[in-house]
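Close look at the chain arrangement
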Amino acid sequence: MKFSEVIGQKEVQERLMQMVKEERLPHAMMLCGPQGSGKMALAVAFASYLLGEDNAMVQKLEHPDLHFTYPTIKLPSMSSDHKPVSDDFAREWHELIMQGPYFTLDQWLTAIGAENQQAIITAGESDDLVRKLSLKSSQGGYKVSIIWLPERMNIECANKLLKLIEEPPTQTVFLMVCEEPDKLLETIRSRVQRIDVKKIQDEEIRQALIDRRGIDENSAQRISRLANGSWLKAVEALQAGTENEQFLDLFIMLMRLAYQRRVRDLRKWSETMAGFGREKQKRFLLFFLRMVRENFMSNFQQPELVYMTQEEENFAKNFARFINEGNILQLYDLANRAIRDIGQNANAKIVFFDFALQIIVLLIQK
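Some points on the packing of helix α9 (residues 202-213) against helix α10 (residues 217-227)
Across the interface, α9 lies against α10 with an axial gap of 8 Å and an inter-helix angle of 135 degrees. Of the possible angle classes, the one that applies to α9 and α10 is oblique. In the packing of α9 onto α10, the handedness of the crossing is right-handed. Facing D202, I205, R206, L209 and I210 of α9, the residues of α10 in contact are E217, A220, Q221, I223, S224, R225 and A227. Across the contact of α9 with α10, the residue classes break down as six nonpolar, two polar and four charged.

Written as structure tokens, this is what we have:
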């Protein structure tokens, strides 16, 4: 993959290439930014740049000096003492990333049949990485280790990786692709050079939709605004029957039942939510936060500040007035607490039923 295939992010691209030209390339970097901003695309493009873009093995992402690390799960077929490593899922990873470097953790979990499991990076992975990187470069150049979502390392793995970063093998470059850097050990964060990747500019998404997907000008303009800097959201908006449509139905149902104080039906709603995998539950709560924000902003009658689909706008016409200064902060806090609880494996039925009951109280404050 070449830098020309990355959507936007010219500033970061130039910064990375300048480091190489000036011979001041850090041995460990961490690309941080929101989902859909193209962090993995940048990492793969930079790795290709370092290893030789025209190399056939690089183009197929099969270069022996390019190593990928990513969250994995333990399969029933694995022995009790086996610590899962990335190589256990190398085929699934290669198939996914060759489709394009813009994907989500949920897509990865689906690819390995782990929708309802918590994927982590184990200590076995760090041992494997130490072994791989101790070997000499097969081509006499760099060895590149791309670590996707390092915040999902368990503590044993993180400590072993720290030692590897402190004493890196010759001509080894670590590229971490991170979405929640605060969850990483401070000692690791202090030893890597952080590069913040911002949201993609609307204009760059609009142009990419036209050039890569053949979308007409008007549709591309609307989708680029709705995407809010995420190529993943832009692609999602193109797909018929998207998850967002399901989330909108659930959001509308929640608000109507809460307004009508139909507690028994809200319990059924919470049971429906509990039936989803935890990653999907968290995505709904993020959708909830977006809808709360957009409905609140729509009260100011400034369309350029609002990012909603036509269906979302239709509901907001009558509903937006219920989201106001009296409850928006509490609604945000409520959703963020639920995201935290789900992430900590709390009982989803209890989390969502309590969430729904508190919505009743907050809507009264209109």
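Still to come is the rest of the account.
Things to note about unusual backbone geometry
In this structure, Q9 is a non-glycine residue whose phi angle is positive, near 60 degrees. Relative to the helices and strands, Q9 resides in the segment before α1 (10-21). If you check the backbone angles, E23 has positive phi at about 55 degrees while not being a glycine. Position of E23 relative to the elements: it lies in the loop between α1 and β1 (28-32).

Observations regarding helix α13 (residues 263-274)
Look at α13: 16 Å from first C-alpha to last across 12 residues, which is about the 16 Å you get at 1.5 Å a residue. Of the residues making up α13, those classed as buried are L266, W269, S270 and M273. Buried residues of α13, seen end-on, are gathered within an arc of 100 degrees and therefore sit on one face of the element. What points out from α13, more than 90 degrees from its buried face, is the exposed set R264 and K268. Here the buried face of α13 lies against α12 (243-259), α14 (278-298) and α17 (348-364).

Calculation rules
All residue numbers refer to positions counted from 1 along the written sequence of the respective chain. Only residues with pLDDT of at least 70 are given local features in this predicted model, and only at 80 or more are side-chain atom pairs given and counted; all residues enter the totals for whole chains, interfaces and linings. Just so you know, side-chain values use all the structure's heavy atoms and leave hydrogens and water out. A fitted line through C-alpha atoms serves as each axis, taken over the contacting stretch for helices, and the angle formed by two N-to-C directions is quoted from 0 to 180°. Only runs of H or I of at least four residues qualify as helices and only runs of E of at least two qualify as strands under DSSP, and these elements are numbered from the N terminus. Roughly parallel means an angle under 35 degrees; roughly antiparallel means over 145; roughly perpendicular covers 65 to 115; every other angle is labelled oblique. Here is the rule for handedness: rotate from the far helix to the near one, and if that takes an anticlockwise turn smaller than a right angle the crossing is left-handed, while a clockwise turn gives right-handed. Two residues form a contact once any of their heavy atoms are found within 4.5 Å. Just so you know the grouping, Ala, Val, Leu, Ile, Met, Phe, Trp, Tyr, Cys and Pro go in nonpolar, Asp, Glu, Lys and Arg go in charged, and all remaining residues, Gly too, go in polar. Each helix should span, by expectation, one fewer than its residue count multiplied by 1.5 Å. Each residue gets one of three labels from its accessible area relative to the maximum for its type: buried under 20%, exposed over 50%, partly exposed in between, using a 1.4 Å probe on protein chains only. Throughout, the arc means the angular range of directions from the helix axis out to the C-beta atoms.

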